[in-house]
Amino acid sequence: MAEQPETQKDSAREDVMEPAESLRILDQGASTARNRLQPDDRQILVAWGSSWLIGYILLWLTSDANGTIALWAFAVFMALLISAALFTAIHLGRRTAGIRGPSATSGSMYGGAWIISFIAVFVINNRLAASDLDASITAPVSFGLPVMVVAILYMAGAAIYRSRAQFVLGAWIMGSLLLSLFAEMPTAYAVMGFAGGGAMLITALVLHALRGRTTPRTP
Amino acid sequence: MSTLDPVIHAPARLQIAATLAQLPVGDSLAFTRLQKELSMTAGNLSTHVQKLENAGYVEVTKTYEGRSPVTYLALSTSGRGALETYTRQMREILTKGTPD
């Protein structure tokens, strides 16, 4: 049978596995899991951080005094966000394929929370735009609502995944939102681009630095 | 002096156990996914998984997703314990020369 030669070879190897090789295999198991079986927060943060940074700065540079956005700029902003969302979905799909259990359940629910929340944001912002309310009211609300949802979901997600870095990022984004609302409306976009998008990119950098310093987790 | 667990002390089975050990407790990994990550043939992986299962170290769950049969693997509690013991022994050998 075709299996026999492989198991015979393996049996012969079994007797001569050195401790150093064993520990190397153990470390490799840990790094395989980290690099291939878990989502990479650094990549996701870079995708969203750069979308926010570029997108919000573009809105800041092209909106009027009320914060009303030019249609083309809004389209570019949405394209950036949709790209980040697609990247996140594909990345998560690849990394978590074939894994089932409590983590998969939590992950699905958390992902569902993002989708449902942003459908709601989209509908609410559309209703605001279609209303008779003045742009001086609708612009800050339309701006603040999605950012607040992001901040809340980051903090809630941090509780699920017990990630201090994610909690700090969520709280920081909420603080930046409040700070930006004290600014004149167009400036609020700039504050969010740098403070929000920038914070995501910095968090990615911090996570990268911490990863380099942690030895792979062997049981 | 205790001897090394012969079930774990084999490159392929150690790889399997070490990878499954990284999953959170309660999670399991599809056979095909593990096969892909470890670059083993299905037959080879199956042989080693069976040895680990016979020792009680790996839990094998066969189920269906739609109409396709899928096999999920998870390291059992005794499997995690055996791997921890083995790791400790390896570290002791490297530092002291003999496992306690």
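Residues numbered from 1 in each chain as written. Chains lettered and ligands numbered in written order. Predicted model: local features only at pLDDT ≥ 70, side-chain atom pairs only at ≥ 80, totals over all residues. Heavy atoms only, no water.

Attention now goes to a nonpolar patch on the surface. Taken together, the side chains of Ile115(A), Ile119(A), Phe122(A) and Val123(A) define a hydrophobic patch exposed on the protein surface, amounting to about 410 Å² of accessible area. With respect to the helices and strands, Phe122(A) occurs in helix H5 (residues 102-130). (Patch = residues over 30% accessible without salt bridge, like charges linked within 9 Å, V, L, I, M, F, W, Y side chains within 5 Å. Areas by Shrake-Rupley, 256 points an atom, 1.4 Å probe, with all protein chains shown as cover. Salt bridge = Lys/Arg side-chain N within 4 Å of Asp/Glu carboxyl O. Helix = DSSP H or I, 4+ residues; strand = E, 2+ residues; numbered from the N terminus.)

All told, the structure shown has five salt bridges over all chains when counted by the stated rule. For Arg42(A), the salt bridge identified is with Asp40(A), shortest N-O distance 2.8 Å. For the pair shown, Arg42(A) and Asp40(A) are each scored as buried. Glu37(B) is the salt-bridge partner of Arg33(B), the closest N and O atoms lying 3.1 Å from each other. (Buried < 20%, exposed > 50% of the residue type's maximum accessible area, 1.4 Å probe, protein only.)

Okay, the packing of aromatic side chains next. Residue and element names in this part refer to chain A. Evaluated as defined, the whole model comprises nine aromatic pairs over all chains. Here Tyr-56 and Phe-143 contribute two aromatic rings whose centre-to-centre distance is 5.8 Å and whose plane-to-plane angle is 90°, an arrangement assigned as edge-to-face. Here Tyr-56 is found in helix H3 (residues 41-62), whereas its partner Phe-143 is found in helix H6 (residues 135-161), with 87 residues between them in sequence. For the residue pair Tyr-56 and Phe-143, the accessibility class agrees, reading buried in each case. Through pairs of rings, three or more aromatic residues link up here, namely Trp-52, Tyr-56, Phe-77, Phe-143 and Tyr-189. (Phe/Tyr/Trp six-rings, centres within 6.5 Å; stacked < 30°, edge-to-face > 60°.)

Turning to the pairing of strand S3 (residues 68-75) of chain B, a few remarks are in order. Residue and element names in this part refer to chain B. Counting buried residues in S3 gives six out of eight residues, a clear majority hidden from the surface. Strand direction decides the pairing type here: strand S1 (residues 28-30) and S3, joined by two bridges, are antiparallel. Its bridge partner being in S3, Leu-29 is matched across the sheet by Leu-73. As judged from the eight bridges shared by strand S2 (residues 58-65) and S3, these two strands associate in the antiparallel manner. (Pairing = 2+ DSSP bridges.)

Our focus in this paragraph is the interface of chain A and chain B. How large an interface is tends to be reported as the accessible area lost when its parts come together. Tallying the contact residues gives 35 residues for chain A and 37 residues for chain B. Counting the surface lost from both chain A and chain B, the interface buries some 3,100 Å², and carbon and sulfur atoms represent 59% of this. The tally of links between chain A and chain B comes to one salt bridge. Glu37(B) is the partner of Arg36(A) in a salt bridge, and the nearest nitrogen-oxygen pair spans 2.2 Å. Connecting chain A to chain B are nine residue pairs in polar contact (both at pLDDT 80 or more). (Contact = heavy atoms within 4.5 Å. Buried area = accessible area lost by both parts, 1.4 Å probe. Polar contact = N/O pair within 3.5 Å; in protein donor to acceptor, adjacent residues only side chain to side chain.)

On to helix H1 (residues 11-21) of chain B. In terms of residue burial, H1(B) counts as a mostly covered element, since 10 of its 11 residues are buried. Listed as buried for H1(B) are Pro11(B), Ala12(B), Arg13(B), Leu14(B), Ile16(B), Ala17(B), Ala18(B), Thr19(B), Leu20(B) and Ala21(B).

This part takes up helix H4 (residues 77-96) of chain B. An ideal rise of 1.5 Å per residue puts 28 Å on 20 residues; H4(B) measures up with 28 Å between its terminal C-alpha atoms. Tucked into the core, H4(B) has its buried residues touching helix H2 (19-37) of chain A together with H1 and S3 of chain B. Positive backbone phi, at 105°, marks Gly97(B), one or two positions downstream of H4(B). (Expected span 1.5 Å × (residues − 1).)

Here we come to the side chain of Thr88(A). When you line up the elements, Thr88(A) lands in helix H4 (residues 71-96). Those residues in contact with Thr88(A) that sit more than four places away from it in its chain are Ile44(A) and Trp48(A).

A separate point is the sheet that holds S1(B). One open sheet holds the four strands; their spatial order is S1(A)-S1(B)-S3(B)-S2(B), and the pairing between them is antiparallel. Every interior strand has two partners, whereas the edge strands, strand S1 (99-100) of chain A together with S2 of chain B, have only one. Packed onto the sheet, H1(B) meets S1, S2 and S3 of chain B and runs at close to 85° relative to S3(B). (Axes fitted to C-alpha atoms, helices over the stretch in contact; angles between N-to-C directions.)

Turning next to the environment of Val191(A). Residues and elements named next belong to chain A. For Val-191, the location among the structural elements is in helix H8 (residues 185-213). The partly exposed category is assigned to Val-191, whose relative accessible area is 22%. A C-alpha to C-alpha distance of 15 Å links Val-191 and Pro-146, two positions 45 residues apart in sequence. If near-sequence neighbours (up to four positions away) are discounted, Val-191 is found in contact with Ser-176, Ser-180 and Gly-196.

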